[in-house]
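# Summary of structural features
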Amino acid sequence: MEVPAKKPSKEQPPWTAPTGGDDKGLKVLNSLASKSKVAFIPASGNRVTWYICGPTVYDSSHFGHARNYVTFDVVRRILSDYFNYDVFSVMNITDVDDKIILRARRNYLLQHYEQAHTTLTPEVFQDTITAYKNYKEKLAIPELLAQVEAVKKEFEGSPQLAATKLYDIGPTRDVLAELVDSRQGHEVTDESIFRKHAAKYENEFLEDMKNLGVRMPDVMTRVTEYVPEVIAFVQKIIANEFAYESNGSVYFNTAAFSAAGYHYAKLQPWSVGNAALMSEGEGSLSSGASEKRSANDFALWKKSKPGEPQWESPWGKGRPGWHIECSAMAGDILGTSMDIHSGGSDLRFPHHDNEIAQSEACFMCKQWVNYFLHSGHLHIDGLKMSKSKKNFVTIRQVLESGVTARQIRLYFLTQSWCDVMDFDRQTGLVELKNKEKSLLRFFEETNQFTNPSVNLEGVQSWTDKEKQLHSSFMDKQAAVHSALQDNFNTPEAVGVLFKITSDVNAYLDFVSKTSHAGGVRALLVAKIVRYVARIFGIFGVEFPEFGFGAGAAAPAVSAASSDRDALVDVVVNLRKQVREAMKGKPNPEILALMDQLRDEIMPEFGVRITDEGKVPWTPVSASALKAEIAENKRIAAQKIREKKQKRLEQLNRDIPGWEAKAMPPQELFHTPEFSAWNEQGLPTHLGDGSELPASKKKALEKKLSTHTANYKKYLTQLEKDAEFLNKLKEEAATLTAELQANK
């Protein structure tokens, strides 16, 4: 019997707070609780169960994936390593899905198409035209078709080269793949095509996560390994009368679910009935609404069509729906409920809402998930990431560009995990590198104090300076704790950590510039430095080059013998004395040699010399220091280039302007348009001999007046320097040559 549809509420239902677990003062932004901060309390003691929405492995992971998985890696580390919860995490891999099926099938068919059509034949040309006209994406079709026509014409005598050029035009391969798939997709029967495609991108994803320093989950589940459990899960929902079979597929009955007193779409009830979101959730290969009792119903099991992978089931050959996989896999590992479920904010509806509904329908429970955490979107250069906007970037592209995983994580830490984050590829890259550089210098300059062999023979009693530093440190420790209790507020916590480093730097600076009794209190500094390193380490930001983090070597200073240190002291002090002697009568050649000693020679031995620092030199990683110096030189060279480019652009504007001003006013209107002029050069007659109309005379007088004033400016400049215009042209030519040579 069909249950009448119940009008969905636009308000989120009440959320029930768990009891019985360990309350450590942490509050989290819970999407189930009207996106408000609520106390985090696990269902069972100190144990936290967590299901992480994993990737659909149909393509390379993009930078938005990095935002999501690094974000929740940080949250997981804070829960386990800071608050000491026993976190048990499960992450799925969606390795069968409409997107995977289409991408794998199209790639396979396109490869065979290109192999069969290595020359530009009339058939290939017509296929390309048809494909572009039928393509669903928003593209500049007329411009692309014009390029296709141009290739055909330009390479008419070289059909093989023409085919290569044609396939390389913009999205030609994508549009052809869609066309060929529409014709032959149903003929693909080799299911290994889909498995190989998913396996390739799963391996890429896992490698990306490793490179980003994301911890592996405790359990990783693949949909293709859980099909029997999915079928059993669907059967239970049918037995509970919340699903029905239709034409070989099984759909969730949202009306029956609501009529039984459950709440459909707990996360985003206002989106119920949104046809666009519902369609996206069902996938590109769905059978359509005709099989459903209601447009709001969604597929639990899909009848497989020709050209799709399939498994035997009580309803015939088919495959799991997208949403059901997470419920079945999470249920198998975590049971009938969990503490945390996480994913990107774009998955709230319908994916996560459908997960909740089908799980509560299966387990007959009112709250399957206690805390739903959603990471904020990542925008690139102020826009949502999209290939059409040309701001789509993969994780691999970012890492291959020279940006490190540590820099990425530092940048993400300065943004709220649950808010939209905008990554500006210009200022953002500079900002993240500067943050890392600041921390590297901090650990470098304090490295000697954290070394086990640090000299403690001097005075160790505290003065007011040490007491002030320690008191400030204790206050800031408490501030970091409060920030992490407040919804994992890493931007606030990181800001406090940087203030701590500033306090230490100020203390070291004070000691180096005054006769502070006893010098630096190494034990106090070491305590603070280790705390800063520990908190950053909890966030996944490690500094192994200074002895902090996994794989950390012994501090650089401990590896250096006392004789080596004494020798470096001699070299550094001698350099300092030479520079001091040069102040009265500088010798450029000698000063250049001193710079070479600092920038090229000593870095080879892992020694950084600082002209204006708290300590005259510090031991560092030779490779890291050389890389930093090279980067600084690159930045300096880039700034010089930009300055030259700006000057050249100015010259290219000024030179034509001066050339125009150089024309004597009497010659300004000596063109075929006119035939007679007065003594000032103002036209009196038009080119055909007729008298100049009064209406035109006024405009010409104004133009002549302006030009006369500009001509006087030119003459004034000429009096100052008769060759000024030639000099400007020579400068422009020189800059042009330099910029071309340094491309």
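Rules used in this analysis
- Residues numbered from 1 in each chain as written.
- Predicted model: local features only at pLDDT ≥ 70, side-chain atom pairs only at ≥ 80, totals over all residues.
- Heavy atoms only, no water.
- Helix = DSSP H or I, 4+ residues; strand = E, 2+ residues; numbered from the N terminus.
- Rg over C-alpha atoms; globule rule 2.2 N^0.38 Å.
- Buried < 20%, exposed > 50% of the residue type's maximum accessible area, 1.4 Å probe, protein only.
- Contact = heavy atoms within 4.5 Å.
- Areas by Shrake-Rupley, 256 points an atom, 1.4 Å probe, with all protein chains shown as cover.
- Lys, Arg positive; Asp, Glu negative; His and termini not counted.
- Charge placed at Lys NZ, Arg CZ, Asp CG, Glu CD.
- Pairing = 2+ DSSP bridges.
- Expected span 1.5 Å × (residues − 1).
- Polar contact = N/O pair within 3.5 Å; in protein donor to acceptor, adjacent residues only side chain to side chain.
- Core = buried A, V, L, I, M, F, W, Y, C linked by side-chain atoms within 4.5 Å.
- Phe/Tyr/Trp six-rings, centres within 6.5 Å; stacked < 30°, edge-to-face > 60°.
- Lys NZ or Arg CZ within 6 Å of the ring centre and 35° of its normal.
- Axes fitted to C-alpha atoms, helices over the stretch in contact; angles between N-to-C directions.
- Arc of directions from axis to C-beta.
- Salt bridge = Lys/Arg side-chain N within 4 Å of Asp/Glu carboxyl O.
- pLDDT = per-residue confidence, 0-100.

### Some remarks on the overall build of the chain
- The helix and strand tally for the chain stands at 23 helices and 18 strands.
- In terms of overall dimensions, the chain is more spread out than a globule: its C-alpha atoms have a radius of gyration of 35 Å, far above the 27 Å expected for 743 residues.
- In terms of its C-alpha atoms, the chain occupies a principal-axis envelope of roughly 100 × 100 × 55 Å.
- A total of 743 residues make up the chain; the buried ones form 47% of that total.
- Long-range contacts, defined here as pairs at least 24 residues apart, represent 73% of the contacts in the chain between residues at least 6 apart.
- Taken as a whole, the chain presents about 36600 Å² of accessible surface, with 52% of it coming from carbon and sulfur.
- Averaging the locations of the 92 positively and 96 negatively charged side chains of the chain gives two centres separated by 3 Å.

### Re the pairing of strand 5 (residues 219-222)
- Residues of strand 5 alternate between two faces, with Val219 and Thr221 buried on one and Met220 and Arg222 left unburied on the opposite face.
- Where strand 4 (residues 86-93) and strand 5 come together, four bridges link them in parallel fashion. Across the sheet, residue Val90 finds its bridge partner in strand 5, namely Val219.

### Quick word on unusual backbone geometry
- Across the junction of Phe349 and Pro350, the peptide omega takes the value 5 degrees, indicating a cis bond.
- Looking at where Pro350 falls in the secondary structure, it is placed in helix 12 (residues 348-363).
- The residue Asn247 is not glycine, and still its phi comes out positive at about 55 degrees.
- Assignment of secondary structure puts Asn247 in the loop between strand 6 (243-246) and strand 7 (249-252).

### Description of helix 20 (residues 588-601)
- Across its 14 residues, helix 20 extends 18 Å between first and last C-alpha, which sits within 8% of the 20 Å expected from 1.5 Å per residue.
- In this structure Asn587 caps helix 20, since a side-chain oxygen of it lies 3.0 Å from the backbone nitrogen of Glu589.

### A look at the sheet that holds strand 14 (residues 421-423)
- Strands sit in the order 13-12-14 across an open sheet of three strands; the sheet is mixed. Each end of this open sheet is capped by a strand with a single partner; those strands are strand 13 (383-384) and strand 14.
- Bridge analysis of strand 12 (residues 378-380) against strand 13 gives two bridges, and the strand direction is antiparallel. Within the sheet, the bridge partner assigned to His379 lies in strand 13 and is Lys384.

### What to know about the nonpolar core
- In this structure, Phe63, Leu79, Ile237, Phe443, Phe536 and Phe539 are the most contacted members of the largest nonpolar core, which totals 141 residues.
- Per element, the largest residue contribution to this core is eleven residues, and it comes from helix 18 (residues 522-538).
- Those residues in contact with Ile237, other than ones at most four positions away along the chain, are Phe242, Ala243, Phe252, Leu300, Ile324, Gln358, Ala361 and Cys362.
- Among the nonpolar cores identified, the runner-up in size contains 33 residues, and Val124, Tyr132, Leu144 and Ala177 belong to it.

### Topic: the packing of aromatic side chains
- All chains considered together, the criterion is met by 33 aromatic pairs.
- An aromatic cluster of three or more residues is present, and its members are Phe442, Phe443, Phe498, Phe536, Phe539, Phe543, Phe546 and Phe548.
- Over the ring of Tyr262 we find Lys366; its NZ or CZ atom is 3.9 Å from the centre of that ring.
- A cation over an aromatic ring shows up here: Lys465 above the ring of Phe510, its NZ or CZ 4.5 Å from the ring centre.

### A word on the environment of Ser337
- Along the chain, Ser337 falls in the loop between helix 11 (322-334) and strand 10 (338-344).
- Since its relative accessible area comes to 33%, Ser337 is described here as partly exposed.
- With sequence-adjacent residues up to four places away left out, Ser337 is seen in contact with Gln367 and Trp368.

### A short note on the pairing of strand 18 (residues 683-686)
- Pairing of strand 17 (residues 674-677) with strand 18, which is carried by three bridges, proceeds in the antiparallel orientation. Each bridged residue has a counterpart across the sheet, and for Ala676 the counterpart in strand 18 is His685.
- Hairpin geometry of strand 17 and strand 18 is characterised by an intervening segment of five residues between the two adjacent antiparallel strands and by a positive phi of about 95 degrees at Gly681.

### A word on the sheet that holds strand 11 (residues 369-375)
- Strand order in the open sheet formed by five strands is 5-4-3-10-11, and the pairing between neighbours is parallel. With one partner strand each, in any of the chains shown, strand 5 and strand 11 form the two edges of the open sheet. In this sheet, neighbouring strand axes are inclined to one another by 20 degrees on average, regardless of whether the strands run parallel or antiparallel.
- Sheet strands in contact with helix 11 are strand 3 (47-52), strand 4, strand 5 and strand 10, and its direction is about 145 degrees off that of strand 4.
- Of the strands in this sheet, strand 10 and strand 11 are in contact with helix 12, which crosses strand 10 at around 160 degrees.

### Concerning helix 10 (residues 275-282)
- Those residues of helix 10 not exposed but buried are Met278, Gly281 and Glu282. Projected onto a plane normal to the axis of helix 10, the buried residues spread over an arc of 100 degrees and lie on a single side. Of the exposed residues in helix 10, those oriented more than 90 degrees away from the buried face are Ala276 and Glu280.
- Packed against the buried residues of helix 10 are helix 2 (98-116), strand 7, strand 8 (298-303), helix 11 and helix 12.
- Positive backbone phi, at 95 degrees, marks Gly283, one or two positions downstream of helix 10.

### Considering the pattern of salt bridges
- For the coordinates displayed, the defined rule picks out 37 salt bridges.
- With a shortest N-O distance of 4.0 Å, Glu178 and Arg106 are connected by a salt bridge. Highlighted residues: Glu178 in helix 6 (residues 172-184) and Arg106 in helix 2, separated in sequence by 72 residues.
- Through salt bridges that share partners, Asp98, Lys302, Lys305, Glu308 and Arg319 make up one connected network.

### Describing the confidence of the model for the chain
- Here the chain averages 90 in pLDDT, while 96% of its residues score no lower than 70.
- Note on residues 553-561: pLDDT under 50 across the span, and 13 contacts to partners over four residues away in sequence or across chains.

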